[in-house]
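Summary of structural features
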Amino acid sequence: MHRAWFVAAVTFVTIIGAAAFRSLPGLLIDPLHQEFGWSRGTIGAAVSINLALYGLTAPFAAALMDRFGIRRVVAVALTVISLGSGLTVWMTAAWQLWLCWGLLVGLGSGSMALAFAATVTNRWFTERRGLVSGILTAASASGQLIFLPVLSWLAEHHGWRPAAVTVALAALAVVPFVWLLLRDHPADIGQKPYGAAEFIPKPPPVTGAARRTLNVLSTSVRTGTFWLLAGTFAICGASTNGLIQTHFVPAEHDHGMPVTTAASLLAVIGVFDVAGTIASGWFTDRFEPRRLLAVYYALRGLSLLFLPMLLGPAVHPPMLFFIVFYGLDWVATVPPTLALCRESYGEDSAIVFGWVLASHQVGAALVAYLGGLARDVFGSYDLVWYASGTLCAAAALMSLVIRRPTPTVPMAAVS
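Bear in mind the structure is a predicted one, so any value in this text is a computation, not a measurement.

What counts and what doesn't
- Residues numbered from 1 in each chain as written.
- Predicted model: local features only at pLDDT ≥ 70, side-chain atom pairs only at ≥ 80, totals over all residues.
- Heavy atoms only, no water.
- Helix = DSSP H or I, 4+ residues; strand = E, 2+ residues; numbered from the N terminus.
- Contact = heavy atoms within 4.5 Å.
- Polar contact = N/O pair within 3.5 Å; in protein donor to acceptor, adjacent residues only side chain to side chain.
- Domains from an automatic or database assignment.
- Buried area = accessible area lost by both parts, 1.4 Å probe.
- Salt bridge = Lys/Arg side-chain N within 4 Å of Asp/Glu carboxyl O.
- Expected span 1.5 Å × (residues − 1).
- Buried < 20%, exposed > 50% of the residue type's maximum accessible area, 1.4 Å probe, protein only.
- Phe/Tyr/Trp six-rings, centres within 6.5 Å; stacked < 30°, edge-to-face > 60°.
- Lys NZ or Arg CZ within 6 Å of the ring centre and 35° of its normal.
- Patch = residues over 30% accessible without salt bridge, like charges linked within 9 Å, V, L, I, M, F, W, Y side chains within 5 Å.
- Areas by Shrake-Rupley, 256 points an atom, 1.4 Å probe, with all protein chains shown as cover.
- pLDDT = per-residue confidence, 0-100.

1. A word on the environment of Thr14
Mapping Thr14 onto the fold places it in helix H1 (residues 3-22). Here the alpha-carbon distance between Thr14 and Asp30, two residues 16 residues apart in the chain, equals 29 Å. Sequence-distant contacts of Thr14, defined by excluding residues within four places in its chain, comprise Val74, Leu78, Met112, Phe116, Val174 and Val178. For Thr14, the side chain forms a polar contact with the main-chain oxygen of Val10, separated by 2.7 Å.

2. Some words on the domain arrangement of the protein chain
Annotation of the protein chain at the domain level lists domain 1 (3-187) and domain 2 (209-401). Its C-alpha centre places domain 1 at a distance of 18 Å from the equivalent point of domain 2. Opposite the 50 residues of domain 1 that make contact, domain 2 presents 51 residues. Surface buried jointly by domain 1 and domain 2 totals about 4,100 Å² across both partners, of which 69% is contributed by carbon and sulfur atoms. For the interface between domain 1 and domain 2, the tally reads zero salt bridges. Among the elements of the structure, helix H2 (25-36), helix H3 (40-68), helix H6 (114-124) and helix H7 (129-158) are those that each provide at least two residues to the side of domain 1 that touches domain 2.

3. Examining helix H4 (residues 70-87)
Its 18 residues place the ends of H4 26 Å apart at the C-alpha level, agreeing with the 26 Å of an ideal helix rising 1.5 Å per residue. Within H4 the residues assigned to the buried category are Ile70, Val73, Val74, Ala75, Ala77, Leu78, Ile81, Ser82, Gly84, Ser85 and Gly86.

4. Observations regarding the packing of aromatic side chains
Per the stated rule, a full pass over the model turns up twelve aromatic pairs. Ring pairing ties together the aromatic residues Trp5, Phe125 and Tyr194, which thus form one cluster. Positioned above the aromatic ring of Trp179 is the side chain of Arg71, whose terminal nitrogen or guanidinium carbon lies 4.7 Å from the ring centre.

5. Here's the deal with helix H10 (residues 224-239)
The terminal C-alpha atoms of H10, which comprises 16 residues, lie 23 Å apart, in line with the 22 Å expected from a rise of 1.5 Å per residue. For H10, the buried fraction is high: twelve of the 16 residues fall into the buried class. Those residues of H10 not exposed but buried are Thr225, Phe226, Leu228, Leu229, Ala230, Thr232, Phe233, Ile235, Cys236, Gly237, Ala238 and Ser239.

6. What to know about the pattern of salt bridges
Counted by the stated rule, this structure contains five salt bridges. One salt bridge connects Asp254 with Arg375, and the closest N-O pair in it is separated by 2.6 Å. Of this pair, Asp254 sits in helix H11 (residues 241-254) while Arg375 sits in helix H16 (residues 349-378), placing them 121 residues apart in sequence. Overall, Asp254 belongs to the partly exposed group, its relative accessible area being 34%. For Arg290, the salt bridge identified is with Glu288, shortest N-O distance 2.4 Å. One salt-bridge network, in which partners are shared between bridges, spans Glu288, Arg290 and Glu343.

7. Side note on a nonpolar patch on the surface
A cluster of nonpolar side chains, contributed by Leu56, Val362, Leu366, Tyr369, Leu370, Leu373, Val377, Phe378 and Leu383, occupies part of the molecular surface with about 820 Å² of accessible area. Per-element accounting of the nonpolar patch gives the leading share, seven residues, to H16. Assignment of secondary structure puts Leu383 in helix H17 (residues 382-400).

8. Observations regarding the confidence of the model for the protein chain
Here the protein chain shows a mean pLDDT of 81. Residues at 70 or above account for 93%. Within the model, pLDDT remains below 50 along residues 407-415, and this stretch shows one contact once partners closer than five positions in the same chain are excluded.

Here you go:
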């Protein structure tokens, strides 16, 4: 077996460890509201800070990996996640929630974002990139599957603090694996990337990571493709992390469903997300990614429009159908979006994807806050479901108008 698959496996486990914290926000909205009296909008603001930094940190983290190496950046990021989650057990004011839950964990998880998966895929693979990006994207869903039932049980029977400590320990436990087993580049062990015809020397460290990140942004924003990718991915984040991951459990609880049952449904989404994302990576290697994106967003929007009619105190077949359907579509958008970034931006694609991911998280942050605010004002999440479904329909149309890059004709051919 080529060493690239071993590196991909270590990356998969690392993202699972970092995903533990992302399983927690939806479970703690009601416990924090009951203990401290904070409004859902206040708690949602902390989630918004976390989600926004998760995205805004990603492009700089991709550049830092080019400067200092993947292993160092990821090890520090996991340590910061552990610190931020662990400190929450002593908080007494809302600003401390925003600092620990929002700032520290947002910065740490942002460095562990999908730009990390994109960097590993670009360096270690020249073939099967769609499949590998799908597998690594599914790692986040796998983390949700593993941690959600455990964290919901801890939060309900022992309080939210043991759940936060569990997340801190999970992130910290992955650090030795990263330091001992992860490698920055195939050249470090004298191998070619998987599928490469020739040996590729390890490039020298790229200095000026922040400047390079901003320069790539300055260049890419002049293209219509960037804005279409950023716009569709912002809607993707709004309809997944910002909406379902943050507000599905409290919305079901509003309709009388126990928190552990609702969290288990969210975990089942993670089960089918793994299958859907890997399948999407396989499809991306074989079909036009623009059309795949249009189909994914259209189906997601349709399912959200039906969700308000499905919420209730007990699990029933239509709700199970929604869970399976939504799970298959959860982050299936990532492999085709990453493929379009590679197609249009070449060597800078990981950093461009980091900026596109930033828009994903900004969209998620807005809906995480606005969803809680809408619940406080209207007493229901119905308006949020309908608005998100409409936005997904717009994303489907935007996907279809993304242009293919114009091929460059060699001068020799012209002459």
